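Understanding the architecture of this molecule
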Amino acid sequence: MALVKIISRITGAVLGGYGLTALLVALFAALLVRAGMARSEAVVGASIAGFLIYLMLLVWALGAVRLRSLWTGLALRSGSAYGLLLLAR
């Protein structure tokens, strides 16, 4: 049972963090373009910020006390980011 929890936590941290980071980078780039920045500069800036976002999500996911809070947090944040991305486009 402990191995399943470890695999679930690592999967949430790596794959869930990657997916959420991708959504947040796309959202950030879309918001920068809407703010008047050139599209190429917005993509580069958002991509650079994505490295820090991914690092923070990894640390948060690996430090989460409960698996339920990890997966719930990832799902809610991903849904929110996706909804905001649809509004920003």
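Treat the numbers as computed from the prediction; the structure is a model and nothing was measured.

Quick look at the overall build of the chain now. Along the chain, the regular secondary structure elements total three helices and zero strands. Ordering the α and β elements of the chain from the N terminus gives α-α-α. By its C-alpha atoms, the chain is 50 × 25 × 15 Å across when sized along the principal axes. The proportion of buried residues among the 89 residues of the chain is 31%. For the chain, contacts bridging at least 24 residues in sequence account for 74% of all contacts bridging at least 6.

Following the criterion strictly, the structure yields one aromatic pair and no others. Residues Tyr18 and Tyr54 carry aromatic rings whose centres are separated by 6.5 Å and whose planes lie at 90° to one another, so their mutual orientation is edge-to-face. Placement of Tyr18 in helix 1 (residues 2–34) and of Tyr54 in helix 2 (residues 39–63) is noted, with a sequence separation of 36 residues between them. Judged by its relative accessible area of 57%, Tyr18 falls in the exposed class. Between the NZ or CZ atom of Arg77 and the centre of the ring of Trp60, over which it lies, the distance is 4.8 Å.

Its 25 residues give helix 2 an end-to-end C-alpha distance of 35 Å, which sits within 8% of 36 Å, the value for a rise of 1.5 Å per residue. Of the residues making up helix 2, those classed as buried are Ala42, Ala46, Gly50, Ile53, Leu57 and Ala61. Buried residues along helix 2 sit against helix 1 and helix 3 (67–88).

A separate point is the packing of helix 1 against helix 2. Contact geometry for helix 1 and helix 2: axes closest at 8 Å, N-to-C directions at 150°. Between helix 1 and helix 2, the interaxial angle falls into the category roughly antiparallel. As for the relative orientation of helix 1 and helix 2, their crossing is right-handed in sense. Tallied by class, the residues present in the contact of helix 1 with helix 2 amount to 20 nonpolar, five polar and two charged.

Attention shifts here to the side chain of Arg9. Along the chain, Arg9 falls in helix 1. Buried Arg9, no salt bridge; nearest opposite-charge side chain is Glu41, N-O distance 38 Å. Excluding anything up to four places from it in sequence, Arg9 contacts Ala61, Leu62, Ala64, Val65, Arg66, Leu67 and Leu70.

Procedures and definitions
Residues numbered from 1 in each chain as written. Predicted model: local features only at pLDDT ≥ 70, side-chain atom pairs only at ≥ 80, totals over all residues. Heavy atoms only, no water. Helix = DSSP H or I, 4+ residues; strand = E, 2+ residues; numbered from the N terminus. Buried < 20%, exposed > 50% of the residue type's maximum accessible area, 1.4 Å probe, protein only. Contact = heavy atoms within 4.5 Å. Phe/Tyr/Trp six-rings, centres within 6.5 Å; stacked < 30°, edge-to-face > 60°. Lys NZ or Arg CZ within 6 Å of the ring centre and 35° of its normal. Expected span 1.5 Å × (residues − 1). Axes fitted to C-alpha atoms, helices over the stretch in contact; angles between N-to-C directions. Parallel < 35°, antiparallel > 145°, perpendicular 65-115°, else oblique. Left-handed = near helix turned anticlockwise from the far one by under 90°. Nonpolar A, V, L, I, M, F, W, Y, C, P; charged D, E, K, R; others polar. Lys, Arg positive; Asp, Glu negative; His and termini not counted. Salt bridge = Lys/Arg side-chain N within 4 Å of Asp/Glu carboxyl O.

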